[in-house]
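Understanding the architecture of this molecule
So the chains spell out like this:
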Amino acid sequence: MTLLYKSLSRRVLLTYAAMKRRITTDAHQILVSPPLKSIDFPDIWTSFSFSDYSPITTLYDTPQTATVIDGRAIAEEITSGITSEVRRMKNSIGNVPGLAVIMVGQGRDSQTYVRKKLGACEEAGIQSKISTLPDNCTEDQVLNALSCFHEDPSIHGILVQLPLPQHLDEGKILNSVQLEKDVDGFHPINMGNLAMWGREPLFLPCTPKGCIELLIRSGVEISGKKAVVIGRSNIVGLPTSLLLQFSAEAPCYCQRCACIY
Ligand SMILES: Nc1nc2c(c(=O)[nH]1)N[C@@H](CN(C=O)c1ccc(C(=O)N[C@@H](CCC(=O)O)C(=O)O)cc1)CN2
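Residues numbered from 1 in each chain as written. Predicted model: local features only at pLDDT ≥ 70, side-chain atom pairs only at ≥ 80, totals over all residues. Heavy atoms only, no water.

1. Some thoughts on the site of the ligand
Around the ligand, the neighbouring residues are Tyr113, Lys117, Leu159, Val160, Gln161, Leu162, Asp184, Phe186, Cys206, Thr207 and Ile235. Within the contact set of the ligand, an oxygen atom lies 2.7 Å away from a side-chain nitrogen or oxygen of Lys117. Between Leu162 and the ligand, the recorded distance is 2.8 Å, taken from a backbone N or O atom to a nitrogen atom. If you list the elements that add at least two residues to the shell around the ligand, you get helix 4 (108-124), strand 3 (157-160) and helix 8 (206-217). The residue inventory of the shell around the ligand, partitioned by class, reads 7 nonpolar, 2 polar and 2 charged. Formed jointly, the shell around the ligand draws a minimum of three residues from each of two domains, domain 1 (1-17 + 94-204) and domain 2 (205-261). (Near = heavy atom within 4 Å. Polar contact = N/O pair within 3.5 Å; in protein donor to acceptor, adjacent residues only side chain to side chain. Helix = DSSP H or I, 4+ residues; strand = E, 2+ residues; numbered from the N terminus. Nonpolar A, V, L, I, M, F, W, Y, C, P; charged D, E, K, R; others polar. Domains from an automatic or database assignment.)

Quick look at the structure:
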């Protein structure tokens, strides 16, 4: 399992590194940008066969017309792909991936998101564990929960559901997530590597990755486009903008403003 995981990560990172090299060594490429499918990432962006998909709509055919992307259908498609991959893994090596979630407090939104994440794991055959801590827990309790999951060989990915209560130091806690298990990609080294040429993050934040997936799977050609990202949060806006840098021509932030581009 570890070998498979390492070989997958390696393959992904090599693709990512190759792409970054191409961009940095060829000034022309900076303007033209390589197609997004050749960028990093893992599972789908590199092995995804575009011919398998009929775009929900070809945006080029209908310029300036808003199109609603059917996220639910795409999510089902992705889940089904992951489910077969996990089944294959179980049949070949007898193991399945394991996700651990740390949730502090009883925030309604957080509970909903965590429930959905665990439900998605179950649907795909991924093992999951959750550590639920009270609103008034100490930083040490969170760090202890993290340590337990770091040492648990059945856990390959850990996420700390955000936001955390005010009295906890979010930065310190995210810094403490083991890099190799940082599935949210929120560790400053993973985030920093995403922002730097010649560096490779081990994981991508899931919402930005999901946005790019939706575009790709809907047949939207990102390369060479101008993109506007509204908001610059660490969780969504900032990493989305970084991802778009690789393909869109001129991504920019838009913070608390109406923006017509
Ligand atoms: N550890 C993490 N904590 C948090 C994350 C995260 O990625 N990792 N993100 C948010 C909460 N969240 C997932 O946990 C999340 C929230 C909202 C969305 C999203 O896409 N929202 C859509 C609406 C979707 C719908 O209505 O069905 C939107 O805002 O347009 C994705 C993920 C904070 N905590």
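So much for the structure itself; the text now carries on.
2. Brief notes about the sheet that holds strand 3
The strand order across the open sheet built from 3 strands is 2-1-3, with neighbouring strands paired in parallel fashion. Two strands in the sheet have a free side with no partner beyond their single neighbour: strand 2 (127-133) and strand 3. For this sheet, the mean inter-axis angle between neighbouring strands, taken without regard to orientation, is 15°. Set on the sheet, helix 4 makes contact with strand 1 (98-104), strand 2 and strand 3; between it and strand 1 the angle comes to about 170°. (Pairing = 2+ DSSP bridges. Axes fitted to C-alpha atoms, helices over the stretch in contact; angles between N-to-C directions. Contact = heavy atoms within 4.5 Å.)

3. Re the pairing of strand 3
Burial of the side chains of strand 3 extends over both faces: Gly157 and Leu159 are buried on one face and Ile158 and Val160 on the other. Two elements, strand 1 and strand 3, share 4 bridges in a ladder whose sense is parallel. Bridging from a neighbouring strand, Val101 pairs with Leu159 of strand 3. (Buried < 20%, exposed > 50% of the residue type's maximum accessible area, 1.4 Å probe, protein only.)

4. Some thoughts on the UniProt feature "domain: Tetrahydrofolate dehydrogenase/cyclohydrolase NAD(P)-binding" (unreviewed entry) in the protein chain
Residues annotated in UniProt with the feature "domain: Tetrahydrofolate dehydrogenase/cyclohydrolase NAD(P)-binding" (unreviewed entry) correspond here to residues 205-246. Summarising residues 205-246: 50% helix, 7% strand, and an end-to-end C-alpha distance of 16 Å. (UniProt positions renumbered as here; feature names shortened; annotations may be inferred.)

5. Here's the deal with the pairing of strand 2
Across 7 bridges, strand 1 lies against strand 2 in parallel orientation. When the sheet's bridge partners are listed, Ala100 is paired in strand 2 with Lys129. Since strand 1 and strand 2 lie parallel, the crossover through helix 4 that links them has a hand, and here it is right-handed. (Right-handed = clockwise from strand over helix to strand, strands pointing away.)

6. Regarding the UniProt feature "domain: Tetrahydrofolate dehydrogenase/cyclohydrolase catalytic" (unreviewed entry) in the protein chain
Within this numbering scheme, the UniProt entry marks residues 69-184 as carrying the feature "domain: Tetrahydrofolate dehydrogenase/cyclohydrolase catalytic" (unreviewed entry). Helix makes up 51% of residues 69-184 and strand 16%. Its end C-alpha atoms lie 24 Å apart.

7. Notes on helix 3 (residues 71-93)
With 23 residues, helix 3 should cover 33 Å at 1.5 Å per step; its first-to-last C-alpha distance of 32 Å lies within 8% of that length. Two residues or fewer past helix 3, Gly94 is found with a positive phi of approximately 80°. (Expected span 1.5 Å × (residues − 1).)

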